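Analysis of the macromolecular model
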Amino acid sequence: MWEARPPTYEDHMQKPLIIANWKCNPSTREQAEHLFGTIKRETKNINGVKIVICPPFVWLPSLNGLSLGAQDCFWEKDGAYTGEVSPKMLKDLGCDYVILGHSERRKYLKETDEMINKKIKTALKSDLTPILCIENISQLKKGTKDLLRKEQKKLIIAYEPVFAIGTGKPCTPEKAKEMKTAIKKIINKDISIIYGGSVNSQNAADYIKMAGFQGLLVGGASLNPAEFIKVVKNVARACPVVELRSLRDCAPKLF
Ligand code: PGA
């Protein structure tokens, strides 16, 4: 589903963003279509939350009807780079977002901050919204090096402490909020910051309401449709758009 224009911080203030990172799952197209179809059907009447699904590249062409993101992209727009996928190709497949610098890619694929910085710049040129994953301020600074303030504004920063990823041991909303405040001191303050790391239906709303994040990056729980739908419903219930027009109204002390 194409978006008419790249989303802004204000959009995410109105509607928390819930991004599903499917990682290297599921193994067949049929399973991917089933998972996507269930999420689409069960969330179609929920207006207060923006859902983005990030499947493996190969399932992207089979999925439509919810916003799509990729889990990586290359830093050149085309050329002799065997195995790589460019931002332009992703845009052509209907993607609006791309996750960059995920800790699993930093660890297993040896991605460096310099590579991630180049990827962000190329993604922005193709009108993809980069979701920059960081676990510390050094990664934030190096990943966003040389970006103009107006370019910074187009990013989403995902605070993903490695100890919390896939471990079932989430960072507390209080601790995560401290990092969110530290990030805001470094970068354009009108930038969307989301939390990721062992998010589930029990803790999801706390990161939005208590810690003031603009959204969530959900890994394991996004592969279980019942659990993911509960995450979406609980966040929507915690910040209803009808009664409370924005997150600023929902938790004014946080901003
Ligand atoms: P998790 O993964 O929700 O399974 O901890 C989050 C992520 O890696 O983005």
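Our structure is the block above this text.
The following refers to the structure shown. None of these values were measured; they are calculated from a predicted model. All chains use their own residue numbering, which begins from 1 and follows the written sequence. Local features are withheld for residues below a pLDDT of 70 in this predicted model, meaning they are given only at 70 or higher, and side-chain atom pairs are given and counted only at 80 or more; totals for whole chains, interfaces and linings count all residues.

Structural notes on the overall build of the chain
Scanning the chain from N- to C-terminus turns up 11 helices and eight strands. Relative to the 2.2 N^0.38 estimate, which gives 18 Å for 255 residues, the radius of gyration of the chain is 17 Å and therefore close to what a compact globule would have. Here the C-alpha coordinates of the chain stretch approximately 50 × 45 × 35 Å along the principal axes. For the chain, the proportion of its 255 residues judged to be buried stands at 43%. Taking the intrachain contacts of the chain between residues at least 6 apart in sequence as the baseline, contacts between residues at least 24 apart amount to 74%. Here a helix means four or more residues in a row that DSSP labels H or I, a strand means two or more in a row labelled E, and each is numbered from the N terminus. We compute the radius of gyration from the C-alpha atoms alone; for a globule the expected value is 2.2 Å times N to the 0.38, where N is the number of residues. To sort residues by exposure, count the other C-beta atoms lying within 10 Å of each residue's C-beta; 20 or more gives buried, 12 or fewer gives exposed, and values between give partly exposed, all with C-beta atoms placed from the backbone. It is the C-beta atoms, placed from the backbone, that decide contacts: two residues are in contact if theirs lie within 7 Å.

Let's talk about the nonpolar core
Counting residues in each nonpolar core, the largest one holds 70 residues, and the members touching the most others are Ile19, Val98, Leu216 and Val235. For Leu216, the contacting residues outside a window of four places in its chain are Ile18, Ile19, Ile194, Tyr195, Gly196, Val199, Ala204 and Tyr207. Only buried Ala, Val, Leu, Ile, Met, Phe, Trp, Tyr and Cys residues enter a nonpolar core, and they are joined through C-beta atoms within 7 Å.

Remarks on the site of the ligand
All residues are tested the same way: a C-beta atom is placed from the backbone, and lying within 6 Å of a molecule or strand makes the residue near it. Contacts to the ligand come from 13 residues, most closely from Asn21, Gly166, Gly196, Gly219 and Gly220. Under the grouping applied here, Gly and all other residues not named as nonpolar or charged are polar, the nonpolar ones being Ala, Val, Leu, Ile, Met, Phe, Trp, Tyr, Cys and Pro and the charged ones Asp, Glu, Lys and Arg. When the residues that make up the shell around the ligand are grouped by side-chain class, the tally is five nonpolar, seven polar and one charged.

Topic: the pairing of strand 4 (residues 95-100)
Most of strand 4 sits inside the fold, with six of its six residues counted as buried. A pair of strands is treated as paired once DSSP finds two or more bridges between them. Sheet analysis places strand 3 (residues 67-70) next to strand 4, joined by three bridges and oriented parallel. Counted as the bridge partner of Gly69 is Tyr97 from strand 4. Consider the strands pointing away from the viewer: the crossover is right-handed when the path from the first strand over the helix to the second runs clockwise. The parallel pair strand 3 and strand 4 is bridged by helix 3 (residues 87-92), and the resulting crossover is right-handed. Two elements, strand 4 and strand 5 (residues 129-134), share four bridges in a ladder whose sense is parallel. Note on strand 5: the bridge partner recorded for Val98 is Pro130.

Here we look at the environment of Val52
Examined against the element boundaries, Val52 turns out to sit in strand 2 (residues 50-54). Among the residues examined, Val52 registers 25 C-beta atoms within 10 Å and is labelled buried. As for Val52 and Leu17, which are separated by 35 residues in sequence, their C-alpha atoms are 7.4 Å apart. Those residues in contact with Val52, other than ones at most four positions away along the chain, are Leu17, Ile19, Ser67, Leu68, Gly69 and Tyr97.

With respect to helix 5 (residues 113-125)
Between its first and last C-alpha atoms helix 5 spans 19 Å; for 13 residues at 1.5 Å apiece the expected length is 18 Å, and the two agree. Among the residues of helix 5, Ile116, Asn117, Lys119, Ile120, Thr122, Ala123 and Leu124 are the ones counted as buried. Those residues of helix 5 that are buried are in contact with helix 3, strand 4, strand 5, helix 6 (137-143) and helix 7 (149-152). Downstream of helix 5 by a residue or two, Asp127 has a phi angle that is positive, lying close to 65 degrees. Every helix has an expected span of 1.5 Å times one less than the residues it contains.

Observations concerning helix 10 (residues 225-238)
With 14 residues, helix 10 extends 20 Å between its outermost C-alpha atoms, agreeing within 8% with the 20 Å of an ideal straight helix rising 1.5 Å per residue. Within helix 10, burial applies to Phe228, Val231, Val232, Val235, Ala236 and Ala238. Elements that come into contact with the buried residues of helix 10 comprise strand 1 (17-21), helix 2 (29-43), strand 2, helix 9 (204-209) and strand 8 (215-218).

Observations concerning the pairing of strand 5
Burial analysis of strand 5 places six of its six residues in the buried class, the great majority of the element. Here strand 5 shows two buried faces, one formed by Thr129, Ile131 and Cys133 and the other by Pro130, Leu132 and Ile134. Where strand 5 meets strand 6 (residues 156-159), four bridges bridge the pair, whose relative direction is parallel. Paired with Ile134 across the strands is Tyr159, a residue of strand 6.

Geometric descriptors of this kind do not, in isolation, establish any biological role.
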